[in-house]
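# Structure assessment
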Amino acid sequence: MAVVSDDHAHERFCAEGLSLPASASPRVITGDEVRQHNGRGGENFWAVVDGYVVDATDLVNSHPGGLKKLLTTDAPGVGASGKAFGFSFTRGRNAHFPQTGKSFHEGVQAFLNGRGEPFLPPVEVTFSSHGKVVILGQLQS
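A brief report on the enclosed structure follows. (Residues numbered from 1 in each chain as written. Predicted model: local features only at pLDDT ≥ 70, side-chain atom pairs only at ≥ 80, totals over all residues. Heavy atoms only, no water.)

### Looking at the side chain of S103
What counts, and what does not: A run of H or I in DSSP counts as a helix once it spans at least four residues, and a run of E counts as a strand once it spans at least two, with each numbered from the N terminus. Burial status follows relative accessibility: with a 1.4 Å probe on protein chains alone, a residue under 20% of its type maximum counts as buried, one over 50% as exposed, and anything between as partly exposed. Whether two residues are in contact is decided by their heavy atoms, any of which lying within 4.5 Å being enough.
Following the sequence through the fold, S103 ends up in helix α3 (residues 98–112). Given a relative accessible area of 14%, S103 falls into the buried group. When residues no more than four places from it in sequence are discounted, the contact partners of S103 are V125, T126 and F127.

And the structure:
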């Protein structure tokens, strides 16, 4: 899919295709577990971006669309793939500004290069104007 406009992140920053180092062992998280963390009632809010599960609780109050908009990120038809959990900062109609896509891409690289037992440790990705997400693991395929 083409970049939406010049002010949106380029697809080269899509984190979905980043290679997993042989020594890396990310936590694998099911779609059901993501759905359980829906941000309602003060619970944590988890979402999937480019196949990586993130804790986006910090964004709930600072994102322009609030929880209502964030809850749609995991819905089929919203993301770049047209499937559930297909959201991307860099592809599709909801592509974000270049720095957002680049920051997330760099965060995923740091996550994949981490060391931990039995799983890679979470990595925080900060977005200058809207808080942060914490990369927790990969969505079970």
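The structure having been displayed, the exposition proceeds.
### Focus: the nonpolar core
Cut-off, in case you're wondering: In this description, a nonpolar core means a group of buried Ala, Val, Leu, Ile, Met, Phe, Trp, Tyr and Cys residues linked to one another through side-chain atoms lying within 4.5 Å.
If you look at the biggest cluster of nonpolar residues, it comprises 22 residues, and the most contacted ones within it are Y52, V54, F104, F111, V133 and I135. Listed by contribution, the elements that provide at least two residues to this core are β2 (46–49), β3 (52–55), α3, β4 (123–127) and β5 (131–139). The greatest single-element share of this core, amounting to four residues, is contributed by α3. Apart from the residues within four sequence positions on either side, V54 is in contact with F45, W46, A47, V49, F104, V133, V134, I135 and L136. I29, W46, V134 and L136 belong to the second largest nonpolar core, which has eight residues in total.

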